[in-house]
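# Remarks on the overall topology
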Amino acid sequence: MKSFKLISIIAVLAVSAFGNGLIAPFVRDEVLVKIDSNDNNAVFRRLELAGGDAVESLGKTGWLRVRILNGRDVEETMAEYRKLNGVISVQPNFYYRLLTTPNDPQWGTTGTYGLTRISAPAAWDLTTGSSSVVVANIDTGMRLTHEDLAANLWSNSGEIANNGIDDDNNGYIDDIHGWDFRFNDNDPSDENGHGTHVGGTIGAVGNNMLGVTGVNWTVRLMAIKIYGQATNDTTSAMLINAYNYVRLMKERGVNIRVTNNSYGGCAEACGYDQATKDSIDALGNAGVLNVFAAGNQGLNTDTMPFYPGSYNSPSILNVAASNSVDSRAGFSNYGVVSVDLGAPGTSILSTTNGSNSSYGGSSGTSMASPHVAGAAALLAAYQPNLSAASLKATLMNQVDPLSQWSGFVRTGGRLNIFNALQNQTVCNFTPSLTSISMPTKGGYFSVQVNAASNCDFAVKSNVNWSIPEGSTSRSGQSTINFRVTTNNRISRLGTVNIGGHEITISQVRGKFF
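Conventions and cut-offs
Residues numbered from 1 in each chain as written. Predicted model: local features only at pLDDT ≥ 70, side-chain atom pairs only at ≥ 80, totals over all residues. Heavy atoms only, no water. Helix = DSSP H or I, 4+ residues; strand = E, 2+ residues; numbered from the N terminus. Polar contact = N/O pair within 3.5 Å; in protein donor to acceptor, adjacent residues only side chain to side chain. Contact = heavy atoms within 4.5 Å. Axes fitted to C-alpha atoms, helices over the stretch in contact; angles between N-to-C directions. Left-handed = near helix turned anticlockwise from the far one by under 90°. Nonpolar A, V, L, I, M, F, W, Y, C, P; charged D, E, K, R; others polar. Phe/Tyr/Trp six-rings, centres within 6.5 Å; stacked < 30°, edge-to-face > 60°. Buried < 20%, exposed > 50% of the residue type's maximum accessible area, 1.4 Å probe, protein only. Core = buried A, V, L, I, M, F, W, Y, C linked by side-chain atoms within 4.5 Å. pLDDT = per-residue confidence, 0-100. Pairing = 2+ DSSP bridges. Expected span 1.5 Å × (residues − 1). Salt bridge = Lys/Arg side-chain N within 4 Å of Asp/Glu carboxyl O.

Looking now at the side chain of Asn170. As for its placement among the helices and strands, Asn170 is situated in the loop between β7 (129–139) and β8 (178–180). Engagement of the side chain of Asn170 in a polar contact is seen with the backbone nitrogen of Tyr172, the distance being 2.9 Å. Excluding residues that lie within four positions of it along the chain, Asn170 makes contacts with Asn156, Asp175, Tyr245, Leu248, Met249 and Arg252.

Structure representation (structure tokens):
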């Protein structure tokens, strides 16, 4: 079944944008010129002398399609042509593009406004997702038989279903679609409904003439269950086991690019939980972007943290909720340091757990987070080589800046996936040095990292005698200072790690500095 199409003009006038991988908004070597009909021949000659060739008359409108022959760019040519006698108007020859929209019957209803707000229809002209991209939905599980989810469920190719054997030797028997860490079994079926709704926003099957569509028409959803019917019955150990499973499967070759985590705060995480943070960081170090909901208390989490989303972990992308007019939802937590961007999160229509064909609306940062996780997956499908840090930075750098979000989230804007597909940020954390020798009396040294804006990275010392000063979570261009303590031994070697790059530090007696 073919998808339905809507036509839209992309009217971006910056010619310089062509070099940044954006879609060209107009024909590069043509302009449209409206001329005075009483002076046709003279105008044609003037255009020819100015390096133009009138290749087509557009009916009786007075407009001509003119090819630029002298190598000038469009803006320069338009400026020159406007000075010619007999020329009434000049404009680019714009491209018009199809905006791909799905044939799912509830597409376009009020509850799907979020996809339009984040410019998903324009993004779908470039990609509708990929079956090679996996998103781990860490939640209450999912309804595995739902008509709009079943085809997009991840399946473990190394496991034979229901044979009672751990075929892939990963320590989990018959983990076909994921795992239930609440009850420690292989059935991550949803008992609550929350995870089913979240999963539909990430990746309800698109263009299948059923229900709704997710941000991704095609994706693979790994069901990771950490809650039963209640939503306050998980523990640190269960969360850590869930994160460790996702990391294990990532390291075994499953292309897990993103996790969605629509939970937090009391009773899930009433305080700072170092063990849980360590597991999130390990998952990030394995190359997974971890998208979290910022919370629904209407609080400034810069001063009243809402964990896990408030951890200063480079792999966390923390999401506030916007409404249908792009304002911050009244319930949404915020924080110009601790929350990264906004995304639609009020009255979102998605799949529900009532039956295999049920749909319904829900509100919360739990609904905003999967818009962003889905966008990260769509971006990973379009640009598979982007690192987790680059996925995060791209989504942050390509938001729609909105005045009502200034001072409330780090980017001051709301998610725009079409912008992200057009202009990626590539994060490079190469440090200014790879090794350094220090005197035995100790001292200080500095390392520079010239990363792009919103490229977040971690700083870690692997020895207790080389101590980073300031935050161990950095972003963009940074200078990191280390203090090296006095060496009472003959010699010693150690390393520090900056954005995944190791720097060797040596202290050797007998060297002069």
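That covers the picture; the talk isn't over yet.
Let us now look at the packing of helix α5 (residues 194–203) against helix α8 (residues 365–382). At a minimum axis separation of 8 Å, α5 and α8 run at an interaxial angle of 35 degrees. The handedness of the crossing between α5 and α8 comes out as right-handed. Judged by residue contacts, His194, His197, Val198, Thr201 and Ile202 of α5 engage Ser366, Met367, Pro370, His371 and Gly374 from α8. Residues of the contact of α5 with α8, tallied by class, amount to four nonpolar, six polar and no charged.

Right, let's get into the packing of aromatic side chains. Two descriptors summarise a pair of aromatic rings, namely the distance from one centre to the other and the angle between the planes of the rings. With the rule as written, the count across this model stands at 15 aromatic pairs. Pairing Tyr334 with Phe408 gives two aromatic rings, centres 5.2 Å apart and planes at 70 degrees, and the pair type is edge-to-face. Residue Tyr334 is found in the loop between β12 (316–322) and β13 (341–344), and its partner Phe408 is found in the loop between β16 (400–401) and β17 (413–414); the two are separated by 74 residues along the sequence. Given the relative accessible area of 18%, Tyr334 is considered buried. Judged by relative accessible area, Phe408 falls into the partly exposed class, the value being 27%.

What follows is about the nonpolar core. The biggest cluster of nonpolar side chains holds 53 residues, and the ones touching the most others in it are Val291, Leu317, Val372, Leu395, Leu415 and Ile417. Ranked by residues supplied to this core, first place goes to α8 with eleven residues. When near neighbours in sequence (up to four residues on either side) are disregarded, Leu317 contacts Leu289, Asn290, Val291, Phe292, Asp340, Leu341, Val372, Lys392, Leu395 and Met396. By size, the runner-up hydrophobic cluster in this structure holds 27 residues, among which are Phe181, Leu239, Tyr245 and Met249.

Summary statistics for the chain give a mean pLDDT of 91 and a share of 93% for residues scoring 70 or more. With pLDDT under 50 throughout, residues 1–22 is counted as low confidence; its partners more than four residues away or in other chains account for 55 contacts.

With that settled, the discussion passes to the environment of Asn207. Within the fold, Asn207 resides in the loop between α5 and β9 (218–225). Considering only alpha carbons, one finds Asn207 and Pro102, 105 residues apart in sequence, at a separation of 4.5 Å.

It is worth spelling out the sheet that holds strand β18 (residues 435–438) at this point. Spatial strand order, β18-β25-β24-β20-β22: five strands in an open sheet with mixed pairing. Each edge of the sheet is formed by a strand with only one pairing partner; in this case those strands are β18 and β22 (473–475). Put simply, the sheet's adjacent strands are angled 25 degrees from each other on average, direction ignored. Judged from the three bridges that link them, strand β20 (residues 456–461) and strand β24 (residues 491–498) form a sheet pairing that is antiparallel. Residue pairing in the sheet places Ser461 in a bridge with Val496 of β24.

Time to look at helix α7 (residues 274–285). Relative to the 16 Å expected for twelve residues at 1.5 Å per residue, α7 spans 16 Å between its end C-alpha atoms, a close match to the ideal helical length. Within α7, the full set of buried residues consists of Thr276, Lys277, Ser279, Ile280, Asp281, Leu283 and Gly284. Buried residues along α7 sit in contact with α6 (236–251), β10 (256–261), β11 (289–293) and β12. One or two residues past the end of α7 sits Gly287, with phi positive at roughly 100 degrees.

On to the environment of Ile240. Mapped onto the secondary structure, Ile240 falls in helix α6. Given the relative accessible area of 17%, Ile240 is considered buried. Residues Ile240 and Ala275 lie 35 residues apart in sequence; the distance between their C-alpha atoms is 7.5 Å. Ignoring sequence-local partners within four residues, the contact set of Ile240 consists of Ala275, Thr276 and Ser279.

Within the structure shown, the criterion is met by 16 salt bridges. With a shortest N-O distance of 3.1 Å, Asp326 and Arg117 are connected by a salt bridge. Separated by 209 residues along the polypeptide, Asp326 in the loop between β12 and β13 and Arg117 in helix α3 (residues 113–117) bring together distant segments of the chain. A relative accessible area of 6% places Asp326 in the buried class.

Attention now moves to the side chain of Asp175. Mapped onto the elements, Asp175 comes out in the loop between β7 and β8. Here Tyr245 takes part through its side chain, which lies 2.7 Å from a polar atom of the side chain of Asp175. Excluding residues within four positions of it along the chain, Asp175 makes contact with Trp154, Asn156, Glu159, Asp168, Asn170, Asn186, Tyr245 and Met249.

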